[in-house]
Structure formats: structure tokens, C-alpha cells
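The lines below spell out each chain.
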Amino acid sequence: TPWLTFPQPLAFAELVGGGHALVAVSGTQLSVFDAETMHRRVGPIDLGASPLRLTVNAQSNVIAMTFPTDASAGFAERIESYDVRTGKPQAASVVVAGPLRQFVLSADGTRLLATGPAQEPTPVFDALTLHRIGSYRPGAGSSVVWASFEPHGDALGGRSGECTPRPLATRRVSGDHNTHE
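Cut-offs used in this document
Residues numbered from 1 in each chain as written. Predicted model: local features only at pLDDT ≥ 70, side-chain atom pairs only at ≥ 80, totals over all residues. Heavy atoms only, no water. Helix = DSSP H or I, 4+ residues; strand = E, 2+ residues; numbered from the N terminus. Buried < 20%, exposed > 50% of the residue type's maximum accessible area, 1.4 Å probe, protein only. Contact = heavy atoms within 4.5 Å. Areas by Shrake-Rupley, 256 points an atom, 1.4 Å probe, with all protein chains shown as cover. Pairing = 2+ DSSP bridges. Axes fitted to C-alpha atoms, helices over the stretch in contact; angles between N-to-C directions. Phe/Tyr/Trp six-rings, centres within 6.5 Å; stacked < 30°, edge-to-face > 60°.

Trainee: If you had to explain the overall build of the protein to someone new, which residues and values would you point to?
Mentor: Each helix and strand in the protein was counted, giving zero helices and 16 strands. Relative to its full complement of 181 residues, the protein shows a buried share of 42%. If you take every contact in the protein between residues at least 6 apart in sequence, the share linking residues at least 24 apart comes to 35%. Carbon and sulfur atoms make up 52% of the accessible area of the protein, which amounts to about 9,200 Å² in all.

Trainee: Would you mind going over the sheet that holds strand β7 (residues 74-83) in detail, with residue names and values included?
Mentor: What the four strands build is an open sheet, ordered β5-β6-β7-β8; its pairing is antiparallel. Pairing within the sheet leaves two strands with one partner each, and these edge strands are β5 (53-56) and β8 (94-97). Between one strand axis and the next, the sheet turns by 30° as a mean value, whatever way the strands run. In the sheet, β7 pairs with β8 via four bridges, with the strands oriented antiparallel. Among the inter-strand pairings, Glu77 is bridged to a residue of β8, identified as Val96.

Trainee: Tell me about the environment of Leu54, and name the residues and values.
Mentor: Within the secondary structure, Leu54 sits in strand β5. Among all residues touching Leu54, those that are not within four sequence positions of it are Phe12, Glu14, Val23, Val25, Ile63, Ala64 and Met65.

Trainee: I'd like to hear about unusual backbone geometry, residue by residue, with values.
Mentor: For the bond running from Gly43 to Pro44, omega is 5°, close enough to zero to count as cis. The omega angle of the peptide bond from Gly98 to Pro99 is 0°, so this bond is cis rather than trans. Structurally, Pro99 can be placed in the loop between β8 and β9 (102-105). Notably, Met38 is not glycine yet its phi reads approximately 65°, a positive angle. Counting through the fold element by element, Met38 comes out in the loop between β3 (29-34) and β4 (40-46). Here Leu130, not a glycine, exhibits a phi torsion of approximately 60°, which is positive. Among the secondary structure elements, Leu130 is positioned in the loop between β11 (122-126) and β12 (132-136).

Trainee: Go over the packing of aromatic side chains, please, and point to the residues and values.
Mentor: The final tally for this structure, using the stated rule, is one aromatic pair. On the basis of an interplanar angle of 85° and a centroid distance of 5.9 Å, the ring pair of Phe6 and Phe33 is categorised as edge-to-face. With a gap of 27 residues between them, Phe6 in the segment before β1 (10-16) and Phe33 in strand β3 connect regions that are remote in the sequence. For Phe6, a relative accessible area of 26% gives the class partly exposed.

Rendered as C-alpha cells:
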């Protein structure tokens, strides 16, 4: 297989779709390649800006990225979700307060976690539609400094302030949570 060339250095390169496709971002361009032959399947697609973050799940066909944007309260990140098979956006973008601390897909690739500023709610989105399906709001005098989906479950775990890690929500995240359940 000959070497691939890109107009700019690669910012992201990840296997997706059960290891059958390679997602690559070079500058402002998104491309998807067949992992076996390295022939281009999709793209290059002009994203309009270089992404700040990219998250994929090796088993799913979702690519989620964030881009810098301005908000009335200051810096924010615009989340976009793309289909690996077509390279097309899956839904309208959503804007969250930034900067993000974590930006991850759940183990099954269906949910997207965006942990932002410590005192802000930590939202969870449907990865395909980017509809908000839940959030965790820190209590008064508390903050979320880290959060992640548990590896083989539906719970959202995290660290609040200087406390030790604890569950933020112990069942599938849906609705708003102010304390752990």
C-alpha cells in the first residue's frame, strides 16, 4: 500500500466501524478510508475549521467533533456528529460552555458526554441526534471536575470537587440529576 499524503499534518486518526474504516482529520478536512485497502471511502470533506476534539467508538459509525465558537458568556464549543459511512452531519450542531474537560462516547457509541467548566451541568447527548438526554448538575458549593461512562454499564461516574470518585448517576442517564442515586 502506498503512503497516503495529506495537505496538513494529521490531527486525528482513529479506527471505527468495527475496525473496517479509518477516520482521519488533516487541518480542516475529514476523510474516511477503507482500513484494509486504504482507499478513500469518503471525503475529503471541508469542516470549515480545525476540530478541537474528536471522539469515536471503534464499534459504531459515529464521529463526534467540537469546534471553537463564541457564546454570550465567553468561550464555547460547538458539537457536531457525522456518519462514518457517508461523512454527512447526522444532526444540527449544539453549543456547550467550554472549555471541555472530557468529550467521550459511551461504550456502545450511542451517548456522548461533554464535561465542561466545573460549575456547569454535565450534559449527555444522544450521539446520533445530539438531543440532550440528561445532565448532572453539581449541588451548591460543589463542582464536577471529571466524569466518564463506566466501561460496561449505563452509569456515569465522576469526581466532584476534591472528593474521591463516586457515581454521579447509577442508572442510564436520562433527565436531570442533582445528586447521585
